[in-house]
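# Inside the fold
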There are 2 protein chains.
Amino acid sequence: MRASDRAYDVLKEDILQWRLVPGTVLGETEQSERLGISRTPLREAITRLAAEGLVDTQRGRAGVVTDVSPANLPELFELREALETQAARLAARRRDAATFEQLREDFLSAPASLVDGASGYYELVARLDAAIDVAIANPFLLASLAGLRNHLARVRRLAQDNPSRLAESVSEHLLIVQAILDRDEMLAAQATAVHLRKSLANLLDAVATGDAVSNSTKGTP
Amino acid sequence: MRASDRAYDVLKEDILQWRLVPGTVLGETEQSERLGISRTPLREAITRLAAEGLVDTQRGRAGVVTDVSPANLPELFELREALETQAARLAARRRDAATFEQLREDFLSAPASLVDGASGYYELVARLDAAIDVAIANPFLLASLAGLRNHLARVRRLAQDNPSRLAESVSEHLLIVQAILDRDEMLAAQATAVHLRKSLANLLDAVATGDAVSNSTKGTP
DNA sequence: TTCCCCGCCTCTGTATACCGAAGGCCCGCG
DNA sequence: CGCGGGCCTTCGGTATACAGAGGCGGGGAA
């Protein structure tokens with residue numbers, strides 16, 4: 001594997017996992033030494049991260065890890081609503097029945113597994129996202145979704161999911177999966193919109209009540 | 001200005017204007033000599049173009065200008081519908097009245113100027129896009145829109161606008177501007193969706209009837 | 001004549017050297 | 001003692017040198 005790819009992966013993970021906090025200056029000399037590579041491949045990694053909006057680069061100053069704040073939540077969800085409602089609509093149109101039938105069963109049995117931690121549930125949601133990605137079969141929409149998810153991953157660390165919210169979330173996802181299975185494009189899109197609005201409201205509420213996630217206590221390997 | 005920025009601008013323009021056709025291999029040595037810079041800043045430019053999806057890079061092979069074909073039109077418009085309907089909705093919510101009042105007047109007088117070429121009209125549409133960009137005030141949505149427009153600029157060269165289509169397009173845009181002025185979010189989004197569907201249908205028809213644009217005969221400076 | 005293998009050559013990937021600019025610190029002057 | 005200017009240091013930007021890999025062509029053998 002290329003050194004620039006490794007540098008990119010490491011730096012991206014470091015930023016997404018808040019090991020490199022917003023505002024951190026990524027000096028070329030410093031980071032190239034830390035990663036054990038020379039400045040040339042490091043620059044390529046920084047350039048790629050800048051293109052994804054994870055770092056800012058200004059003339060004469062090396063990359064600075066982009067700032068994220070609760071103020072970005074409404075902005076991100078405006079984009080998310082645009083992309084994911086369309087994704088749900090297209091998935092309903094083109095989905096593979098067997099895949100979503102399986103997902104439907106998994107979501108039906110999800111409440112039982114919620115009692116012992118939510119990590120399995122998050123993994124299930126990720127599988128739904130992946131299934132939708134495959135179903136929509138649109139590289140351009142997919143690229144925009146991928147960029148969005150970078151920022152969502154960072155902002156999620158700002159607030160913790162409310163346990164009671166998870167049960168709601170399961171039923172909302174189930175509705176989406178069912179609509180996709182039924183080839184009901186309109187319902188799939190609207191159920192997604194509903195889910196996103198409620199998710200945003202929950203996140204904003206969690207932020208407002210000071211339920212912030214300490215960076216050191218939470219890890220998602 | 002930095003050499004890498006100049007290289008990026010030149011290459012991007014060359015790709016968007018079809019001076020570098022899809023499939024062209026961008027050898028590092030060759031391009032750095034052509035642009036009169038060394039390979040280091042050129043690599044940065046290629047990396048940025050790759051992040052935007054304008055070039056493919058695979059291990060051991062330099063950048064290759066991404067392929068575009070009429071088959072991409074439906075895919076692009078699926079993303080475009082998602083982003084631009086949301087953009088119209090948000091613009092209706094947050095627009096500056098004076099800006100769009102001016103645009104309304106300009107679109108009202110657009111049919112008169114259509115008789116002597118459409119270049120002024122395209123510029124007017126670009127001004128509307130810019131006004132919407134300002135109104136939505138959302139950097140994430142804006143970034144996705146910018147990426148989309150890169151690809152749209154390329155694919156437009158695949159088909160020529162039908163003159164009779166332009167008159168229709170004016171009235172569709174007028175409806176969008178009026179809806180934004182009226183703060184009618186729903187109508188703004190739906191009018192945008194209508195416009196996009198008709199645009200796509202027109203483009204697909206133009207492609208199907210072999211009305212392709214010769215690369216050398218059309219320039220957009 | 002055709003196919004396969006070997007070797008050369010070019011090109012990418014990485015490291016490093018050089019240059020210019022900007023910022024910080026220190027010294028001197030008011 | 002404070003402020004300003006100049007010098008020095010450091011870092012980003014660019015060029016270039018070097019190594020490894022992959023591809024292509026030529027030659028030999030079947």
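Residues numbered from 1 in each chain as written. Chains lettered and ligands numbered in written order. Predicted model: local features only at pLDDT ≥ 70, side-chain atom pairs only at ≥ 80, totals over all residues.

## What about the sheet that holds strand β1 (residues 25–26) of chain B?
Sheets are built from strands paired through backbone hydrogen bonds, the pairs being either parallel or antiparallel. All names here are of chain B. On the basis of which strands lie adjacent, the open sheet formed by three strands has the order β1-β3-β2 and antiparallel pairing. Where the open sheet ends on each side, the last strands, each with one partner, are β1 and β2 (55–58). Here two bridges tie β1 to strand β3 (residues 61–65), and the two strands are oriented antiparallel to one another. Counted as the bridge partner of Leu26 is Gly63 from β3. (Pairing = 2+ DSSP bridges. Helix = DSSP H or I, 4+ residues; strand = E, 2+ residues; numbered from the N terminus.)

## Notes on the nonpolar core
Soluble globular proteins tend to pack their nonpolar side chains together in the buried interior. Judged by nonpolar contacts, the single largest core of 66 residues is most densely connected at Ala91(A) and Ala91(B). Beyond its immediate sequence surroundings of up to four residues, Ala91(A) is in contact with Ile132(A), Ala135(A), Ile136(A), Ile180(A) and Ala188(A). (Core = buried A, V, L, I, M, F, W, Y, C linked by C-beta atoms within 7 Å. Buried ≥ 20, exposed ≤ 12 C-beta atoms within 10 Å, placed from the backbone. Contact = placed C-beta atoms within 7 Å.)

## Some words on the interface of chain B and chain A
Counting from both sides, the interface comprises 25 residues of chain B and, opposite them, 25 residues of chain A. Listed by contribution, the elements that provide at least two residues to the side of chain B that touches chain A are α3 (39–51), α4 (72–94) and α8 (139–155) of chain B. Element by element, the count of residues in the side of chain B that touches chain A is highest for α4(B), at nine residues. Residues belonging to the side of chain B that touches chain A are distributed by class as follows: 10 nonpolar, eight polar and seven charged. (Nonpolar A, V, L, I, M, F, W, Y, C, P; charged D, E, K, R; others polar.)

## Observations regarding the pairing of β3(B)
All names here are of chain B. The pairing of β2 with β3 spans three bridges and is classified as antiparallel. When the bridges of β3 are listed, Asp56 appears paired with Val64. Hairpin remark: β2 followed by β3, antiparallel, with two residues in the connecting loop; positive phi at Gly60, about 80 degrees.

## Thoughts on the protein's contact with DNA strand D
In the neighbourhood of DNA strand D, 17 residues make up the surrounding shell, with Glu28(A), Ala62(A), Arg2(B), Ala3(B) and Ser38(B) lying closest. Elements supplying a minimum of two residues to the surface near DNA strand D: α2 (28–35) and β3 (61–65) of chain A together with α1 (3–16) and α3 of chain B. Ranked by residue count, the leading element in the surface near DNA strand D is α3(B), at three residues. (Near = placed C-beta within 6 Å.)

## Quick word on helix α10 (residues 185–208) of chain A
All names here are of chain A. When the terminal C-alpha atoms of α10 are compared, their 35 Å separation across 24 residues agrees well with the 34 Å that a helix rising 1.5 Å per residue should span. Three or more residues of α10 are buried, namely Ala188, Ala189, Ala191, Thr192, His195 and Leu203. Of the surrounding elements, those touching the buried residues of α10 are α4 (72–94) and α9 (163–181). Downstream of α10 by one or two residues, Gly210 has phi in the positive range, about 75 degrees. (Expected span 1.5 Å × (residues − 1).)

## Remarks on the sheet that holds strand β1 (residues 25–26) of chain A
Residue and element names in this part refer to chain A. In spatial order, the strands read β1-β3-β2; together these three strands make up an open sheet with antiparallel pairing. Edge positions in the sheet fall to β1 and β2 (55–58), since each of these pairs with one other strand and no more. Note that β2 and β3 share four bridges and pair antiparallel. If you follow Thr57 over to β3, its bridge partner there is Gly63. Seen against the sheet, helix α3 (residues 39–51) touches β1, β2 and β3 and runs at an angle of roughly 110 degrees to β2. (Axes fitted to C-alpha atoms, helices over the stretch in contact; angles between N-to-C directions.)

## Concerning the relation of the copies chain B and chain A
Aligned on chain A, chain B shows an RMSD of 0.1 Å; the corresponding rotation is 180 degrees and the shift along the axis is 0.0 Å. The relationship between the two copies is best expressed as a two-fold rotation axis. Within chain B, the C-alpha atom positioned nearest to the axis of rotation is that of Ala82(B), 2.6 Å from it. A symmetric contact is evident, with 100% of the interface residues of chain B recurring at the interface of chain A. (Least-squares fit on C-alpha atoms with pLDDT ≥ 70 in both.)

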